[in-house]
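# Residue-level structure breakdown
Okay, here's what each chain looks like letter by letter:
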Number of protein chains: 2
Amino acid sequence: MLVGFVGLGAMGAPMALNLVKAGHGVQAFDVRAGAANDLVAAGGHAAPSAAEAARGADLLWLMVVSGDQAEAVLFDAGGAAALPAGAIVVAACTQAPAQARRTADRLAAMGLAMLDAPVSGGIKGAASGALTIMVSGDRGTQARAKPVLDVLGKRVFDVGAEAGLGSTAKMINQLLCGVHIAAAAEAMHVAECAGVSPQTMLDIIAVSAGHSWMFGDRAPRMMQADPPVASAVDIFVKDLGIVLEQGKVNRQGLPLAAAAMQMFLAASGLGHGKADDSQVIRAYRALNGLPRSKA
Amino acid sequence: MLVGFVGLGAMGAPMALNLVKAGHGVQAFDVRAGAANDLVAAGGHAAPSAAEAARGADLLWLMVVSGDQAEAVLFDAGGAAALPAGAIVVAACTQAPAQARRTADRLAAMGLAMLDAPVSGGIKGAASGALTIMVSGDRGTQARAKPVLDVLGKRVFDVGAEAGLGSTAKMINQLLCGVHIAAAAEAMHVAECAGVSPQTMLDIIAVSAGHSWMFGDRAPRMMQADPPVASAVDIFVKDLGIVLEQGKVNRQGLPLAAAAMQMFLAASGLGHGKADDSQVIRAYRALNGLPRSKA
């Protein structure tokens, strides 16, 4: 297939490269100059604009940061207008389900199909073609996109026939991730205040029912003064923001997501927005002080 | 060793049996008549009261439901007074750290040693001698109790030299468990409202960063109308109650534990206190309604 690709960031660049290696034609654009150098060396094409990346493509993959950026590429920068009738837009960004549905409707009115297909698996999954892709949209469109989806994703889930469902699945994963990181911080903060050895606490939870994937990954970094940034506090301000914005649209109370959001917001407000998201524990230390006398 | 054992419930009965099988002398008491029958058949002794279970014992194991029950056995029913000087009390109940410390102080004043040693691992771990035991207390006392601890626990963690630290570790695990169950309910509730297939959602989270041990265990049961009761909603009203009571003693804000507690309280108030704790999702359904229109 001829694939237009917009967004050659830490995840997008290796993904586009994998598409070239799999034999697809790729014309890619990124706002940063030189982002496509590796791709061109591998046989891909560097497009001078988002519209030129889209022109004539069978499928346009949007690997941008947000739904707003996706809309800008499609409707402000002329990406949608440059696509041939019947082409597929894959919105792989993390966005609110309501926004994914709105974009799908606008594209449908232009004769274009959209798959709502956010991904997870990070830079590692992107590089090895082992992403999890949560796809929703017309089943015929899903089938047509399969040759591309199968190159990038190890696990491609069909979440349903309507735009919005893929983004809902991703949003639910982010809800759990955000709550679990904040819960790990709350737990490790109680431990450090009480004088329980952090390493003993990590060892106990690793074999207990209180374990989570995020606890195992983030709690050790909570005990470091200034750990390397795997993913920043402000990423969860964004992702829990999507959860709560969608909850607002739907008029749903989500008490745990809301409580977790307050801690990420506070951590960011205290100046730690660019720190590793494990450092949400600093908001707990600000809130409760440290060390504490024991009762 | 000669072991006094109080509390032959679903966990206590197989634990006492394992001590007999390992060659320890066991004199056991439970308020329910006949609770010691299996133990007696295996060579143990049924004591007619808590005080008689304690009389002359090297170690008194308290496998009761709460710190209040432990205090009642020790100080109201004469358990502590019946122990010889220097004997060890093992408080294996789940209780607030502050209460564990208070009981240890009272026992010390009577010339008795205490280990604060809550357990996890459930009925299965109790039956197979594979419990996790979080022990704190004087290191010499821990060493003296080792022949008993090693029979009952597969993983015996030394959490520190002071009473209260073992209970803190257990409490932190319960904090994480309670928050993770409520988070799983919040997540599955968003999925069911949005029209995402519950099975697809379970499959996605199973391979995603949002996974937790509790999600894997409880979320499938959330999708059942009336699942068998593995552990009741009211158990988390108790356990998160301990977390928040200790937080109150320590003057610590614990936003996620507090939010999760509200959902367990609401579920219990709606009449589901004896239901499986996965049914905390019913509080979300009451709060937000179901099904919802999608936006």
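## Looking at the overall build of chain A
Helices and strands together make up the secondary structure of chain A, namely 14 helices and nine strands. In terms of C-alpha radius of gyration, chain A reaches 21 Å, essentially the compact-globule figure of 19 Å for 295 residues. Its C-alpha atoms give chain A principal-axis dimensions of roughly 70 × 45 × 35 Å. When each of the 295 residues of chain A is scored for burial, the buried share is 56%. Considering only contacts within chain A whose residues lie at least 6 apart along the sequence, 65% involve residues at least 24 apart.

## Overview of the domain arrangement of chain A
Along its sequence, chain A is carved into domain 1 (2–161) and domain 2 (168–288). On the side of domain 2 of chain A, ten residues touch domain 1 of chain A, which itself brings nine residues to the contact.

## A word on the interface of chain B and chain A
Taken together, the 61 residues of chain B in the interface contact 61 residues of chain A. Per element, the largest residue contribution to the side of chain B that touches chain A is 18 residues, and it comes from helix α9 (residues 165–194) of chain B. Residue composition of the side of chain B that touches chain A, by class: 38 nonpolar, 18 polar and five charged.

## A word on the relation of the copies chain B and chain A
Laying chain B over chain A is done by rotating through 180° and shifting 0.0 Å along the axis; what remains is an RMSD of 0.0 Å. A rotation of that kind, with that shift, is consistent with a two-fold axis. Minimal C-alpha separation from the rotation axis in chain B is found for B:S212, amounting to 1.9 Å. Both copies share a contact surface, since 100% of the interface residues of chain B are interface residues in chain A too.

## A word on the pairing of strand β1 (residues 2–6) of chain A
Residue and element names in this part refer to chain A. Of all five residues in β1, four are buried, a share of seventy percent or more. Pairing geometry for β1 and strand β2 (residues 25–29), over five bridges, is parallel. Opposite F5, over in β2, you have A28 as the bridge partner. For β1 and strand β4 (residues 59–62), the ladder comprises four bridges, and the chain directions are parallel. Within the sheet, the bridge partner assigned to V6 lies in β4 and is L62.

## Quick notes on the pairing of β2(A)
All names here are of chain A. Of all five residues that make up β2, four are buried, and the element is covered over most of its length. The β-α-β motif built from β1, the intervening helix α1 (residues 12–21) and the parallel element β2 has right-handed crossover chirality. Where β2 lies against strand β3 (residues 45–46), two bridges are found, and the strand directions are parallel. In the strand pairing of β3, A28 is matched with A46.

## Considerations on the nonpolar core
The nonpolar side chains of a soluble globular protein tend to be buried with one another. Counting 222 residues, the largest nonpolar core has A:L62, A:V90, A:L256, B:L62, B:V90 and B:L256 as its most contacted members. In contact with B:L62, not counting residues within four places along its chain, are B:V6, B:G7, B:A70, B:V73, B:V89, B:V90, B:A91, B:A92 and B:C93.

## A closer look at helix α8 (residues 139–152) of chain B
Residue and element names in this part refer to chain B. Its 14 residues give α8 an end-to-end C-alpha distance of 19 Å, which sits within 8% of 20 Å, the value for a rise of 1.5 Å per residue. Along α8, the helix axis deviates most sharply at K146, where the bend reaches about 60°; the proline P147 sits within four residues downstream. Listed as buried for α8 are A145, V148, L149 and L152.

## Notes on the environment of A:L202
All names here are of chain A. Along the chain, L202 turns up in helix α10 (residues 198–206). For L202, a count of 18 C-beta atoms within 10 Å puts it in the partly exposed group. L202 sits 17 residues away from A219 along the chain, and the two C-alpha atoms are 7.4 Å apart.

## Examining the environment of A:A82
Note on placement: A:A82 falls in helix α5 (residues 79–82). Residues in contact with A:A82, not counting those within four places in the same chain, are A:A51, A:A54 and A:R55.

## Observations regarding unusual backbone geometry
Positioned with a positive phi, A:R251 is a non-glycine residue whose angle comes to about 55°. For A:R251, the position within the fold is in the loop between α12 (233–250) and α13 (255–272).

## Description of the packing of α9(B) against helix α14 (residues 281–288) of chain B
Residue and element names in this part refer to chain B. The contact between α9 and α14 brings their axes to 9 Å, and the two run at 50°. Here α14 runs oblique to α9, going by the angle between their axes. α9 and α14 meet at a crossing whose hand is right-handed. Where α9 approaches α14, its residues A185, E186, M188, H189 and C193 are matched on the opposing element by I281, Y284, R285 and N288. For the contact of α9 with α14, the residue count by class is five nonpolar, two polar and two charged.

## Observations concerning α13(A)
Here α13(A) contains 18 residues, and its C-alpha end-to-end distance of 24 Å stays within 8% of the 26 Å for a straight helix at 1.5 Å per residue. If you check which residues of α13(A) are buried, you get A:P255, A:L256, A:A257, A:A259, A:A260, A:M261, A:M263, A:F264, A:A267 and A:H272. Elements in contact with the buried residues of α13(A): α9 (165–194), α12 and α14 (281–288) of chain A together with α9 and α13 (255–272) of chain B.

## With respect to the environment of A:A113
Residues and elements named next belong to chain A. One can find A113 in strand β6 (residues 113–116). The spatial distance from the C-alpha of A113 to the C-alpha of Q142 is 9.9 Å, given a sequence separation of 29 residues. Each residue touching A113, except ones within four places of it in the same chain, is listed here: G86, I88, D138 and T141.

About the thresholds
- Residues numbered from 1 in each chain as written.
- Chains lettered and ligands numbered in written order.
- Predicted model: local features only at pLDDT ≥ 70, side-chain atom pairs only at ≥ 80, totals over all residues.
- Helix = DSSP H or I, 4+ residues; strand = E, 2+ residues; numbered from the N terminus.
- Rg over C-alpha atoms; globule rule 2.2 N^0.38 Å.
- Buried ≥ 20, exposed ≤ 12 C-beta atoms within 10 Å, placed from the backbone.
- Contact = placed C-beta atoms within 7 Å.
- Domains from an automatic or database assignment.
- Nonpolar A, V, L, I, M, F, W, Y, C, P; charged D, E, K, R; others polar.
- Least-squares fit on C-alpha atoms with pLDDT ≥ 70 in both.
- Pairing = 2+ DSSP bridges.
- Right-handed = clockwise from strand over helix to strand, strands pointing away.
- Core = buried A, V, L, I, M, F, W, Y, C linked by C-beta atoms within 7 Å.
- Expected span 1.5 Å × (residues − 1).
- Bend = angle between axes of the 7 residues up to and from the residue.
- Axes fitted to C-alpha atoms, helices over the stretch in contact; angles between N-to-C directions.
- Parallel < 35°, antiparallel > 145°, perpendicular 65-115°, else oblique.
- Left-handed = near helix turned anticlockwise from the far one by under 90°.

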